[in-house]
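Listed here are the chains, written in short residue letters.
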Amino acid sequence: MRAQITTPHNQDIHILIHSTMLSKSKATLLLLFFNLLLFSQIEDLEHAKIFDKCQITYTDGHTKEGYIAFFMENKHYDDEDVYSSSVENIFHLDDNNFEFKATIADKPINMTQKDLKRITIYHEDSSVEIYDLMEVKKFDKEKNIIKSSKKAWLPLVKEDVICLYQRNIYVNTIKTNDIKGTEKLKKTKILGTLTYIANKEQNIAFQVYDERKNFLKKNLDSPYLATVLEYVFKDCPTFLEQIMVNKKFKHQQFDTENTEDEESSNNESLTKEEKFIIKDRQKIERESKPFINLIEAYKTTCK
């Protein structure tokens, strides 16, 4: 039987090995901590990039400056959305959950529609979007206002005694690779323009076309539009006499010819996203002209 001899030299070796193992463990933990910290900082930076500068206006009139994200971000129609409860829900205008922070370095807080009136977003390309939280009303077949209503964020095109709200709606065509099963965006197609009009004194907004029909297609002869205009301009009978004949809207006097767009989206130096933005803006300008001319005529006659 061999006896194990322990010497001071052996003890030093064991202590050195144990100390080295502890140092390696600490170093590993420290490295892991710094990696997690770095990943967290990168994640925060990436998260910060999606925030746009904004101004929030509350119902009591006070405003708050800050940064916003995940607000009104989906401008596309999906097949699944057809089962939504309302037009505003289908096209994501009833957004009730988004993030806000006072400074870019702050942790974001979740916000809802509660106590809010308007959100103004300032994009990096200097463009500005204004959304008013409006109560949206509809008419039934007997031209009575349906009691049920819903609030929606409407994109402001013209702010005046009569306000105009419009948004282009798009659908994405997806191409599927049958072999790999992967999906790829093939084409983005415009479905039409969603249009609302509101008399500031009434403080409610109406979609101008009947949602039971093709409400995204421009139809100034629509009987539903005539009903909306009769309500919106009811404070000025003289004006209604000028724009209505046999309960139909005489829109010809407000139509304008489509002139060639000043800003060309065919410029090869533009990115795909920049071309899309230009086309989107041009579409809104064309669709809004008859309504803007109508509002200006109302102001001349009645205000």
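Every value quoted in this text rests on a predicted model; they were computed, and no experiment measured them. Note that residues are indexed from 1 along each chain, following the sequence as it is written. Reporting of local features is limited, given that this is a predicted model, to residues whose pLDDT is at least 70; pairs of side-chain atoms are given and counted only at 80 or more, and all residues count toward the totals for whole chains, interfaces and linings. Note that water and hydrogens are dropped before the side-chain values are worked out from all heavy atoms of the structure.

Trainee: I would appreciate a short explanation of the overall build of the protein chain in the present structure.
Mentor: Strands are runs of DSSP state E lasting at least two residues, helices are runs of H or I lasting at least four, and both sets are numbered from the N terminus onward. Summing up its helical and strand segments, the protein chain has five helices and 13 strands in all. Across the protein chain, every contact between residues at least 6 apart in sequence was considered, and the portion connecting residues at least 24 apart equals 56%. Summing over all exposed atoms, the protein chain offers an accessible surface of approximately 20,000 Å²; the carbon and sulfur share of this is 52%. Contacts: residue pairs with any heavy atoms within 4.5 Å of one another. Only the protein chains shown count as cover for residues, and all accessible areas are computed by the Shrake-Rupley method using a 1.4 Å probe.

Trainee: Is there a simple way to explain a negative patch on the surface in this structure?
Mentor: A cluster of acidic side chains, namely E124, D125, E273 and E274, defines a negative patch on the protein surface. Residue position: E274 is located in helix α5 (residues 272-302). The class for E274 is partly exposed, based on a relative accessible area of 37%. Patch criteria: residues need more than 30% relative accessible area and no salt bridge. Like-charged residues are merged within 9 Å; nonpolar side chains of Val, Leu, Ile, Met, Phe, Trp and Tyr are merged within 5 Å. By definition, a salt bridge exists where a carboxyl oxygen of Asp or Glu is found within 4 Å of a side-chain nitrogen of Lys or Arg. Counting rule for charge: Lys and Arg are taken as positive, Asp and Glu as negative, and neither His nor the chain ends is counted. Where a charge sits is defined by one atom per residue type, namely NZ (Lys), CZ (Arg), CG (Asp) or CD (Glu). Burial classification: accessible surface area is computed with a 1.4 Å probe over protein chains only, and a residue below 20% of its type maximum counts as buried, one above 50% as exposed, and the rest as partly exposed.

Trainee: Which parts of the structure should I look at to understand helix α3 (residues 223-232)?
Mentor: Along an α-helix, residues three or four apart share an orientation, since each turn contains 3.6 residues. The buried count for α3 comes to seven of ten residues, which makes it a mostly enclosed element. Of the positions making up α3, those classed as buried are Y224, L225, A226, T227, V228, L229 and V232. Whenever two N or O atoms come within 3.5 Å, that pair is a polar contact, provided that in protein one can donate a hydrogen and the other can accept it, and provided that, for residues adjacent in sequence, both atoms are side-chain atoms. Structurally, the start of α3 carries an N-cap: the backbone nitrogen of Y224 is 3.2 Å from a side-chain oxygen of S222.

Trainee: Would you mind going over the confidence of the model for the protein chain with me for this structure?
Mentor: Mean pLDDT over the protein chain: 80, with 72% of residues reaching 70 or higher. When pLDDT is averaged over each helix and strand of the protein chain, the minimum, 48, is found for helix α1 (residues 8-49) and the maximum, 97, for strand β6 (residues 116-122). Confidence per residue, as judged by the predictor, is encoded in pLDDT with a range of 0 to 100. When the criterion is pLDDT under 50, residues 1-18 qualifies, and its contacts beyond four places in sequence or with other chains add up to two contacts. Ignoring residues within four places in sequence, the model shows residues 33-48, a span with pLDDT below 50, making six contacts including any to other chains.

Trainee: Hey, could you run me through unusual backbone geometry in this one?
Mentor: The phi angle at F70 is positive, at roughly 60°, despite the residue not being glycine. For F70, the location among the structural elements is in the loop between β2 (63-69) and β3 (76-77). For D115, which is not glycine, the phi torsion reads 65° and is therefore positive. Mapped onto the elements, D115 comes out in the loop between β5 (109-111) and β6. Classification of D115 by relative accessible area gives partly exposed; the value is 44%.

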